Amino acid sequence: MKRFLTKLFAAFVGALAVVGSVNLGIWVTDTDAPIEYENVRALADSVEQGGTIEVEFSVFRKRICPLVAKRWLLDANKERHSIPQYTAGLKLLAGRETYRRSITIPPAAAPGPAEYSVTLDYICNPLHNLVGPIRVVSPGIRFTILPASKPQSS
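So, a few notes on the structure that sits alongside this text. (Residues numbered from 1 in each chain as written. Predicted model: local features only at pLDDT ≥ 70, side-chain atom pairs only at ≥ 80, totals over all residues. Heavy atoms only, no water.)

1. Here we look at the side chain of His81
Now for step 1: Within the element layout of this structure, His81 appears in strand β5 (residues 80–83).
Now for step 2: The buried category is assigned to His81, whose relative accessible area is 9%.
Now for step 3: A polar contact is formed between the side chain of His81 and the side chain of Asp75, at a distance of 2.8 Å.
Now for step 4: If we skip the residues at most four places from it in the chain, His81 touches Arg71, Trp72, Leu73, Asp75, Pro106, Ala108 and Ala109. (Helix = DSSP H or I, 4+ residues; strand = E, 2+ residues; numbered from the N terminus. Buried < 20%, exposed > 50% of the residue type's maximum accessible area, 1.4 Å probe, protein only. Polar contact = N/O pair within 3.5 Å; in protein donor to acceptor, adjacent residues only side chain to side chain. Contact = heavy atoms within 4.5 Å.)

Rendered as structure tokens:
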């Protein structure tokens, strides 16, 4: 009986090792981006400093994973501005989607050519917490920042 229990325990530990190894192998090879950008664009060619501009994204989501989004604006002086995050209380679904976001241009952003982009860090399995997420950067959306108009005196 003791020999049978020893073999049963060894088989159980071996099965756990095989399952763990297969699972780890799947996690290590899990590097495909969960989203693909198909098209990005600004809905206007220009915006004043401190103004807002709408941008549109057409994406294909292959799967849904938790993520951290960071939004950036690169102004004419090549200075990078962090754009405040938005809350998307939507239930994301896999598949094709087009959505719009309104962004506020920082008043300190230099007038001239600008580029807006989004960095998405996806955590699709526990290993991504340890070695780093799957990072996806949107194509840059180009537009022009105009100087803020001066209030007219009466």
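2. Focus: the environment of Asp30
Now for step 1: With respect to the secondary-structure elements, Asp30 resides in the loop between α1 (2–28) and β1 (35–42).
Now for step 2: Asp30 gets classed as buried once you look at its relative accessible area, which sits at 14%.
Now for step 3: Along the backbone, Asp30 and Leu127 are 97 residues apart, and their C-alpha atoms lie at a distance of 9.3 Å.
Now for step 4: When neighbours within four sequence positions are excluded, Asp30 is seen to be in contact with Arg63, Cys124, Asn125, His128 and Ile134.

3. Concerning the packing of aromatic side chains
Now for step 1: Per the counting criterion, the structure on display carries 2 aromatic pairs.
Now for step 2: Centre to centre, the rings of Tyr37 and Phe57 are 6.0 Å apart; their planes meet at 55°, and the pair counts as tilted. Note that Tyr37 is positioned in strand β1 and Phe57 in strand β3 (residues 52–61), a separation of 20 residues in sequence. Of the two residues, Tyr37 and Phe57, both sit in the buried class.
Now for step 3: Both rings, one in Phe57 and one in Tyr99, keep their centres 5.3 Å apart while their planes meet at 25°; by these two values the pair is stacked. Taken together, the residues span a long stretch of sequence, with Phe57 in strand β3 and Tyr99 in strand β6 (residues 95–104) at a distance of 42 residues. Across this residue pair, the class does not change: Phe57 and Tyr99 are buried.
Now for step 4: Clustering of aromatic rings is evident, with ring pairs tying together Tyr37, Phe57 and Tyr99.
Now for step 5: When the ring centre of Trp72 is taken as reference, the NZ or CZ atom of Arg80 above it lies at 3.6 Å. (Phe/Tyr/Trp six-rings, centres within 6.5 Å; stacked < 30°, edge-to-face > 60°. Lys NZ or Arg CZ within 6 Å of the ring centre and 35° of its normal.)

Remember, this is a structural readout, not a statement about activity or role.
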